[in-house]
Amino acid sequence: MDTRWLRARAELFKEAAERPFALTFDTARYAEATGLPFHSHYVAQVFRGEPGSRLKVPLMALNLARVGTRADADRALAHECMHLRVPSYGHKLEAFACAQDILDRVGSLAA
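Procedures and definitions
Residues numbered from 1 in each chain as written. Predicted model: local features only at pLDDT ≥ 70, side-chain atom pairs only at ≥ 80, totals over all residues. Heavy atoms only, no water. 1 Å grid on protein atoms, 1.4 Å probe; cavity = no way out; pocket = protein on both sides within 12 Å on 5 of 7 lines; lining within 4 Å. Points joined across faces, edges and corners; volume = space filled by probe spheres on them. Helix = DSSP H or I, 4+ residues; strand = E, 2+ residues; numbered from the N terminus. Nonpolar A, V, L, I, M, F, W, Y, C, P; charged D, E, K, R; others polar. Axes fitted to C-alpha atoms, helices over the stretch in contact; angles between N-to-C directions. Left-handed = near helix turned anticlockwise from the far one by under 90°. Contact = heavy atoms within 4.5 Å. Polar contact = N/O pair within 3.5 Å; in protein donor to acceptor, adjacent residues only side chain to side chain. Phe/Tyr/Trp six-rings, centres within 6.5 Å; stacked < 30°, edge-to-face > 60°. Buried < 20%, exposed > 50% of the residue type's maximum accessible area, 1.4 Å probe, protein only. Lys NZ or Arg CZ within 6 Å of the ring centre and 35° of its normal. Salt bridge = Lys/Arg side-chain N within 4 Å of Asp/Glu carboxyl O.

**Quick notes on the layout of surface pockets**
Taking a probe equal in size to a water molecule and rolling it over the atoms shows the remaining empty space.
Then step 1. Estimates place the volume of the largest pocket at around 160 Å³.
Then step 2. Tallying contributions element by element places strand 2 (residues 44–50) first for the lining of the largest pocket, with six residues.
Then step 3. Of the residues that constitute the lining of the largest pocket, the class distribution is four nonpolar, three polar and three charged.

Structure, rendered in structure tokens:
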């Protein structure tokens, strides 16, 4: 997967989700910085900081071994951006509607 394309695509997702984030592909760095494990089966994960001490710019990690296609990358970015917009929703139907909305917005931005 082309990391330059992923970084450019992430910029569209930031704009569509109206949320900033820093992107890393170094999952060990992510785990060290957040104190959270990043297991090999994870596709992506975003860390907003601890409750009461949120980060100004959340950190998102993307596992390059798990995003074989651009469609995989889009789904992962949309899912993690959904957590930035509606973190309390977890994995409920409303949250996936939010992720689809972000994907739709990215589609119109890229057009």
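**Digging into the packing of helix 1 (residues 3–17) against helix 4 (residues 93–110)**
Then step 1. Contact pair helix 1 / helix 4: the axes reach a minimum separation of 9 Å and the direction vectors enclose 120 degrees. Considering the relative orientation of helix 1 and helix 4, their crossing is right-handed. Facing helix 1, whose interface residues are Arg9, Leu12, Phe13, Glu15, Ala16 and Ala17, helix 4 presents Ile102, Leu103, Arg105, Val106, Leu109 and Ala110.
Then step 2. Residues of the contact of helix 1 with helix 4, tallied by class, amount to nine nonpolar, no polar and three charged.

**Observations regarding the environment of Thr69**
Then step 1. If you trace the backbone, Thr69 turns up in the loop between strand 3 (53–62) and helix 3 (70–85).
Then step 2. In sequence terms Thr69 and Asp2 are 67 residues apart; their C-alpha atoms lie 9.8 Å from each other.
Then step 3. Engagement of the side chain of Thr69 in a polar contact is seen with the backbone nitrogen of Asp72, the distance being 3.0 Å.

**Details of the packing of aromatic side chains**
Then step 1. Scanning the model with the defined rule gives two aromatic pairs in all.
Then step 2. Residues Tyr30 and Phe38 carry aromatic rings whose centres are separated by 5.8 Å and whose planes lie at 80 degrees to one another, so their mutual orientation is edge-to-face.
Then step 3. On the basis of relative accessibility, which here comes to 0%, the residue Tyr30 falls in the buried class.
Then step 4. For Phe38, a relative accessible area of 13% corresponds to the buried category.
Then step 5. Seen from their ring centres, Phe38 and Tyr42 are 5.4 Å apart, and the 75 degrees between their planes marks the pair as edge-to-face.
Then step 6. Three or more aromatic residues link up through ring pairs in this structure, and these residues are Tyr30, Phe38 and Tyr42.
Then step 7. For the cation-ring pair, Lys14 lies above Phe21, with the distance from its terminal atom to the ring centre recorded as 5.2 Å.

**Details of the side chain of Asp74**
Then step 1. Mapped onto the secondary structure, Asp74 falls in helix 3.
Then step 2. Look at Asp74 and you get buried, because its relative accessible area is 14%.
Then step 3. With residues near it in sequence (within four places) discarded, Asp74 still touches Trp5, Arg9, Phe13 and Leu103.

**Overview of the pattern of salt bridges**
Then step 1. The tally for this structure, following the rule as stated, stands at seven salt bridges.
Then step 2. Between Asp72 and Arg75 there is a salt bridge, and its shortest N-O distance comes to 2.5 Å. Placement of both Asp72 and Arg75 in helix 3 is noted, with a separation of three residues, approximately one turn of the helix.
Then step 3. We classify Asp72 as partly exposed; its relative accessible area is 24%.
Then step 4. Arg105 is the salt-bridge partner of Asp101, the closest N and O atoms lying 3.1 Å from each other.

Treat this as a map of the structure, not an account of what it does.
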